[in-house]
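Architecture and fold: a report
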Amino acid sequence: MNKVLIVDDSSTMRKIIMRVLRQADIAVENVLEAANGVEGMQQLTTHPDIGLILSDVNMPEMNGIDFVKAVRGTHTKERLPVIMVTTEGGQAMVDNAMAQGANGFVCKPFTPESIRSALEPYVR
Amino acid sequence: MSAERTIADALKAGTLTRCERELLVHLEAAVDNVFTTMLSTVCELVEATSAEACAQEDARLASVAIEAIVEFEGPTAGAVVLRCSPEGAADIARGLLTLGAGDSIELAEVHDALGECANMVTGAFKTRALDPHGAFRLTVPKIDTHVVVQHPHQAGRLVYELAEGSAAVEVWFH
């Protein structure tokens, strides 16, 4: 795994996810952060070697659904997996996110194990 | 005392209607889910309060200074509000960030953590209590710091004692 991008408007949640990645022994070279979809797209331009994205849904500027749609304009699901990490875990939201190109879904609050399970297929 | 017992006692005492009880049971389950899974802090439900009681002054929350509000919109509209004493807000923030009691924390970090905590509680409450009734959208959390003003349409409140300070979680309907 090259780089992981965490997109969440809460700095607290970004720190929690970083901690969980470490606890789950997920070996990543570098973790990058963005506070919304717009910043996320900027990070993708600056760091073309990002290999995995974890994104919130409910964010200002550009929400997670629009973000994953934008990512899929340039990257396939195989090339750049996007896992949604969100409080909005209703089936309609899950279906919408998957239809827009998300690879997986983790509901907040989450355990380290649920993050590890969601990321396992994509972490080499 | 267990959370279920606190709510049941309030119901028996005639201080909660069945509707308020149902709402508060969902809210308590949402809070418990978030606090148990994500926070490394002690949290005990000490009171379940009806809409009527919410309208009265609560001495325990007189010093409340920080609140995080997440609004929901759908077939009906309202908000879930996490209101804390400054000590309670810092305790929640430290719990989320797994910091020790003596570790320093910036006010901006406390505000962000409180907002994220309210966001998770509202999401869990939405899944349990709102989603069965239609499609709802949540706003991003808003932080406010002021002297407590009673909302005219509070539907219920849960009061918690934390390791440091106290917190209340309320449901409002607009």
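That block above? That's the structure.
Fair warning: this is a prediction, and the values are worked out from it, not measured in the lab.

**Remarks on helix α3 (residues 64-71) of chain A**
Residues and elements named next belong to chain A.
- Every buried residue of α3 is accounted for by Gly64, Ile65, Phe67, Val68 and Val71. Viewed along the axis of α3, the buried residues span an arc of 160°, placing them on a single side of the element.
- Those residues of α3 that are buried lie in contact with β1 (3-7), α2 (37-46), β3 (50-55), β4 (82-86) and α4 (91-100).
- The opening residue of α3 is Asn63, an N-cap whose side-chain oxygen sits 3.0 Å from the backbone nitrogen of Ile65.

**Let's talk about the side chain of Asn58 of chain A**
- Within the secondary structure layout, Asn58 of chain A lies in the loop between β3 and α3.
- Among the polar contacts listed, one links the side chain of Asn58 of chain A to the backbone oxygen of Leu138 of chain B, at a separation of 3.0 Å.
- A polar contact of 3.2 Å, which involves the side chain of Asn58 of chain A, links it to the backbone oxygen of Thr139 of chain B.
- Those residues in contact with Asn58 of chain A that lie beyond four places of it in its chain are Asp9 and Glu88 of chain A together with Leu138, Thr139 and Val140 of chain B.

**Thoughts on the sheet that holds β1 of chain A**
Residues and elements named next belong to chain A.
- The strand order across the open sheet formed by five strands is β2-β1-β3-β4-β5, and the pairing between neighbours is parallel. Each having just a single partner strand, β2 (30-34) and β5 (104-107) make up the two edges of the open sheet. Neighbour-to-neighbour, the strand axes of the sheet open up by a mean angle of 20°, direction not taken into account.

Scoring rules and cut-offs
- Residues numbered from 1 in each chain as written.
- Chains lettered and ligands numbered in written order.
- Predicted model: local features only at pLDDT ≥ 70, side-chain atom pairs only at ≥ 80, totals over all residues.
- Heavy atoms only, no water.
- Buried < 20%, exposed > 50% of the residue type's maximum accessible area, 1.4 Å probe, protein only.
- Helix = DSSP H or I, 4+ residues; strand = E, 2+ residues; numbered from the N terminus.
- Arc of directions from axis to C-beta.
- Contact = heavy atoms within 4.5 Å.
- Polar contact = N/O pair within 3.5 Å; in protein donor to acceptor, adjacent residues only side chain to side chain.
- Pairing = 2+ DSSP bridges.
- Axes fitted to C-alpha atoms, helices over the stretch in contact; angles between N-to-C directions.

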